[in-house]
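# Tertiary structure, described
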Amino acid sequence: MKITFLGTGTSQGIPVIGSTHPVCLSANKKDKRLRVSILVAWDDYTYVIDCGPDFRYQMLRSGCTKIDGIVFTHEHSDHIAGLDDIRPFYFNQGAIPIYAHNRVLKSLYKKFDYIFATENKYPGAPSVLVNRIKNKAFQLHNLEVIPIKGKHADLKVFGFRFGDFAYLTDMKTVEDEEIEKIKNIKVLVVNALRIQPHHSHFNLEEALNFIEKVNPEKAYLTHISHTLGFHNEVEKTLPKNVFLAYDGLQLTL
Ligand SMILES: [Zn+2]
Ligand SMILES: [Zn+2]
């Protein structure tokens, strides 16, 4: 299985428009972060987790020419806003399967009504195949995917376990029974927004405490704000098995 980090930044991305914060002005490529998303590829299959506003550029940058589906964590704009840009995939492949919780689907129906239109559909609009998911394992071809439920302030969000790999973003609290699903996993990705506490995201300290509970071999932090600091400096402060993810990072499992 191969994981590619398409984006590792929080909702505004880094640099933030108009910002003169030193991290936004950094020349280090690792300090430039598009909105969060990953590619998960195994055998001949490629799935994207979330489809944010940078989706088009992320597909071009990663050289991705075919996707087998999109799995959504939740309906915030930084995770869904790029859905219209599946058009080139739709033109080549036909309707693109999407996987999301019922509430997330309702939000997609509202925001992208023309994609789901059943009458008088605009000829250039893309089509999707809807797969409703619950907090219950589901199959993507030959791979079992296990949702991990968490809370993003009051909003329920899903992380996902794919074999020895788990991807959790936009979490603020995760119950112990959900943590059980990923205990002692090989590779964990989890959100760590900044040093200061935030009402709906783990800050760095909360993310590190969460990692300690899960006890993975290795952990990578994502959904990062410029206020977390410079990539190279923050990474020096982390435990030996914890790293900051960066755009373009690839992991092979
Ligand atoms: Zn969110
Ligand atoms: Zn987000």
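Report follows, based on the coordinates. Everything numeric in this text was worked out from a predicted model, so none of it was measured.

Rules of the game
- Residues numbered from 1 in each chain as written.
- Chains lettered and ligands numbered in written order.
- Predicted model: local features only at pLDDT ≥ 70, side-chain atom pairs only at ≥ 80, totals over all residues.
- Heavy atoms only, no water.
- Donors = N, O, S within 2.8 Å, 3.2 Å for Na, K, Ca; no water.
- Helix = DSSP H or I, 4+ residues; strand = E, 2+ residues; numbered from the N terminus.
- Buried < 20%, exposed > 50% of the residue type's maximum accessible area, 1.4 Å probe, protein only.
- Arc of directions from axis to C-beta.
- Contact = heavy atoms within 4.5 Å.
- Pairing = 2+ DSSP bridges.
- Axes fitted to C-alpha atoms, helices over the stretch in contact; angles between N-to-C directions.

## Quick word on the coordination of the zinc ion (ligand 2)
Within the protein, the zinc ion (ligand 2) binds to Asp78 (OD), His79 (NE2), Asp170 (OD) and His223 (NE2); these donor distances fall in the range 2.1 to 2.3 Å. Within one chain, the residues serving as donors to the zinc ion (ligand 2) are arranged as D-H-x90-D-x52-H. A gap of 3.4 Å separates the zinc ion (ligand 2) and the zinc ion (ligand 1), which Asp170 links by coordinating each metal. Taken together, the positions of His79 in helix H3 (residues 77–80) and Asp170 in the loop between strand E10 (165–168) and helix H7 (176–179) put the pair 91 residues apart, joining distant regions of the chain.

## So, helix H5 (residues 102–111)
By the burial criterion, the buried members of H5 are Val104, Leu105, Ser107 and Leu108. Mapping the buried residues of H5 onto a view down its axis gives an arc of 160 degrees, with all of them on the same face. Turned more than 90 degrees from where H5 packs its buried face, Lys106 and Lys110 sit exposed. Against the buried residues of H5 lie H3, strand E5 (96–100), helix H6 (113–116) and strand E6 (128–132).

## Side note on the sheet that holds E6
In spatial order, the strands read E6-E5-E4-E3-E2-E1-E14; together these seven strands make up an open sheet with mixed pairing. With one partner strand each, in any of the chains shown, E6 and strand E14 (250–252) form the two edges of the open sheet. Within the sheet, the average angular offset between the axes of one strand and its neighbour, ignoring direction, is 20 degrees. Bridging between strand E4 (residues 69–71) and E5 involves two bridges; their strand directions are parallel. Bridging across to E5, Val71 finds its partner in Tyr99. Against the sheet, helix H2 (residues 55–62) engages strand E1 (2–7), strand E2 (37–42) and strand E3 (45–49), with an angle of about 135 degrees to E1.

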